[in-house]
Amino acid sequence: MEICPFVRLLDWRTLKAADCLTAGQSREVDRFAIEELGISSLVLMENAARSVCDWFSQHVQTSSGEETSFVVRVVCGRGNNGGDGFAIARLLWTMGYAVEIFATHPEAELSPDARVNAALARKLGIPWRELREFGEAAASAQAEDWIVDALLGTGQSRPLSGELAELVQVMNASASRRLAVDLPTGFSADAGPGLENPLTDEPHDLAGLCVRADVTITFVTPKIGMLHSVAREYLGETFVASIGLPEKLLREAVSLQ
Ligand SMILES: NC(=O)C1=CN([C@@H]2O[C@H](COP(=O)(O)OP(=O)(O)OC[C@H]3O[C@@H](n4cnc5c(N)ncnc54)[C@H](OP(=O)(O)O)[C@@H]3O)[C@@H](O)[C@H]2O)[C@@H](O)CC1
Ligand SMILES: [K+]
């Protein structure tokens, strides 16, 4: 069911492996689109961010024109999932939402596309807070506030630890609603949290730590890890967003069934 242009609700009842991508296949789609089709990775990132904002504007009404009554706290990691976050923060801010950016890394340590969007957010003067303030902000947040989880997406390759693990615990303990960009941080595209990885025979335990999202907006197709029965506890209501390329073509690219 098309929710808004390019975003459709995931129907758990009919979801099957043939509709899903692994993290590696997701990256192959990215590569194919950029190298074979010549679309820029920044355009893909902008399309991804735009689809999240389209969903947001359809489902989260701002009071018409006045200052919004709630805050959207966007927590950005250092890769392209974080890059989506910086772009989402910019788009929501231009749409009139009260936005605050929290970044885990300085611009110099970000992936190239994340750095472009982080620099743009800085230049536009989008409210940007110290990461060390996030704990207090999340703990005192209102129920109608939002946390946008743009820490890790399909690049997650090992269990969470240290600062990221703490951030995930703080996010989950907050009264805020939580929106996961592409995947909840801690949820592997290839295996649900704490579950065997269906794609390899060795245990792939991503530890019990995972963002419990109210809403997940994943790009291009659902991911294999979403097939697990416990997945929905972490993903919440899940939407699949196009990034502007015909899905049929992407299937050929990763020679999906
Ligand atoms: N076509 C598409 O689908 C599109 C995809 N797009 C977006 O790109 C996202 C994928 O981006 P990405 O490849 O940069 O990886 P991402 O998830 O940002 O991780 C960043 C880095 O974190 C690291 N890391 C790994 N595990 C870790 C851990 N446990 N704890 C700490 N660090 C850990 C690891 O680096 P390492 O430390 O291994 O060097 C990794 O490289 C995707 O989810 C979507 O949002 C859209 O922009 C456009 C269209
Ligand atoms: K995420």
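Under an unreviewed UniProt entry, the protein chain has the name NAD(P)H-hydrate epimerase and belongs to Planctopirus ephydatiae.

(A) Seen up close, the environment of Leu-179. In this structure, Leu-179 sits in strand β7 (residues 177–181). Leu-179 sits 105 residues away from Val-74 along the chain, and the two C-alpha atoms are 9.4 Å apart. Each residue touching Leu-179, except ones within four places of it in the same chain, is listed here: Val-52, Trp-55, Phe-56, Trp-146, Ile-147, Val-148, Asp-149, Val-215 and Ile-217.

(B) Representation of the nonpolar core in the model. Counting residues in each nonpolar core, the largest one holds 48 residues, and the members touching the most others are Trp-55, Phe-56, Val-72, Trp-146, Leu-179, Ile-217 and Phe-219. Element by element, the count of residues in this core is highest for helix α2 (residues 41–59), at 7 residues. Residues in contact with Ile-217, not counting those within four places in the same chain, are Val-52, Trp-55, Leu-179, Ala-180, Val-181, Asp-182, Phe-239 and Ala-241.

(C) Region of the structure containing the packing of α2 against helix α3 (residues 80–94). The contact between α2 and α3 brings their axes to 8 Å, and the two run at 50°. Comparing the axis directions of α2 and α3 gives the class oblique. The hand of the α2/α3 crossing is right-handed. Across from Met-45, Glu-46, Ala-48, Ala-49, Arg-50, Val-52, Cys-53 and Phe-56 in α2, the residues of α3 making contact are Asn-80, Gly-83, Asp-84, Ala-87, Ile-88, Arg-90, Leu-91 and Leu-92. Across the contact of α2 with α3, the residue classes tally to 10 nonpolar, 2 polar and 4 charged.

(D) Examining the site of ligand 1 more closely. Around ligand 1, 21 residues are found, and the nearest of them are Arg-78, Asp-84, Gly-153, Arg-158 and Asp-182. A distance of 2.6 Å is found between an oxygen atom of ligand 1 and a backbone nitrogen or oxygen belonging to Gly-153. Measuring from an oxygen atom of ligand 1, one finds a side-chain N or O atom of Asp-182 at 2.7 Å. Its free accessible area being 930 Å², ligand 1 has 81% of it covered by the protein chains. Of all the elements, α3 adds the most residues to the shell around ligand 1, at 3 residues.

(E) Seen up close, the pattern of salt bridges. For the structure on display, the rule yields 15 salt bridges. Note that Arg-129 is salt-bridged to Glu-100, the shortest N-O span being 3.1 Å. In this pair, Arg-129 is assigned in strand β5 (residues 128–129) and Glu-100 in strand β4 (residues 98–103), connecting sequence segments 29 residues apart. When the shortest N-O distance is used, the salt bridge between Arg-129 and Glu-133 registers 2.9 Å. Using a relative accessible area of 29% as the deciding quantity, one classes Glu-133 as partly exposed.

(F) Quick look at the side chain of Thr-104. Of note, Thr-104 is situated in the loop between β4 and α4 (112–123). When sequence neighbours within four positions are dropped, the list of residues in contact with Thr-104 reads Cys-76, Gly-77, Arg-78, Leu-131, Leu-151, Glu-163, Leu-164 and Leu-167.

(G) Broad picture of the environment of Thr-94. Turning to its location among the elements, Thr-94 is positioned in helix α3. Thr-94 sits in the exposed class, given a relative accessible area of 54%. Distance from Thr-94 to Glu-130, taken between C-alpha atoms, is 22 Å for residues 36 residues apart in sequence. At 2.7 Å, the side chain of Thr-94 and the backbone oxygen of Leu-91 are in polar contact.

About the thresholds
- Residues numbered from 1 in each chain as written.
- Chains lettered and ligands numbered in written order.
- Predicted model: local features only at pLDDT ≥ 70, side-chain atom pairs only at ≥ 80, totals over all residues.
- Heavy atoms only, no water.
- Helix = DSSP H or I, 4+ residues; strand = E, 2+ residues; numbered from the N terminus.
- Contact = heavy atoms within 4.5 Å.
- Core = buried A, V, L, I, M, F, W, Y, C linked by side-chain atoms within 4.5 Å.
- Buried < 20%, exposed > 50% of the residue type's maximum accessible area, 1.4 Å probe, protein only.
- Axes fitted to C-alpha atoms, helices over the stretch in contact; angles between N-to-C directions.
- Parallel < 35°, antiparallel > 145°, perpendicular 65-115°, else oblique.
- Left-handed = near helix turned anticlockwise from the far one by under 90°.
- Nonpolar A, V, L, I, M, F, W, Y, C, P; charged D, E, K, R; others polar.
- Near = heavy atom within 4 Å.
- Polar contact = N/O pair within 3.5 Å; in protein donor to acceptor, adjacent residues only side chain to side chain.
- Areas by Shrake-Rupley, 256 points an atom, 1.4 Å probe, with all protein chains shown as cover.
- Salt bridge = Lys/Arg side-chain N within 4 Å of Asp/Glu carboxyl O.

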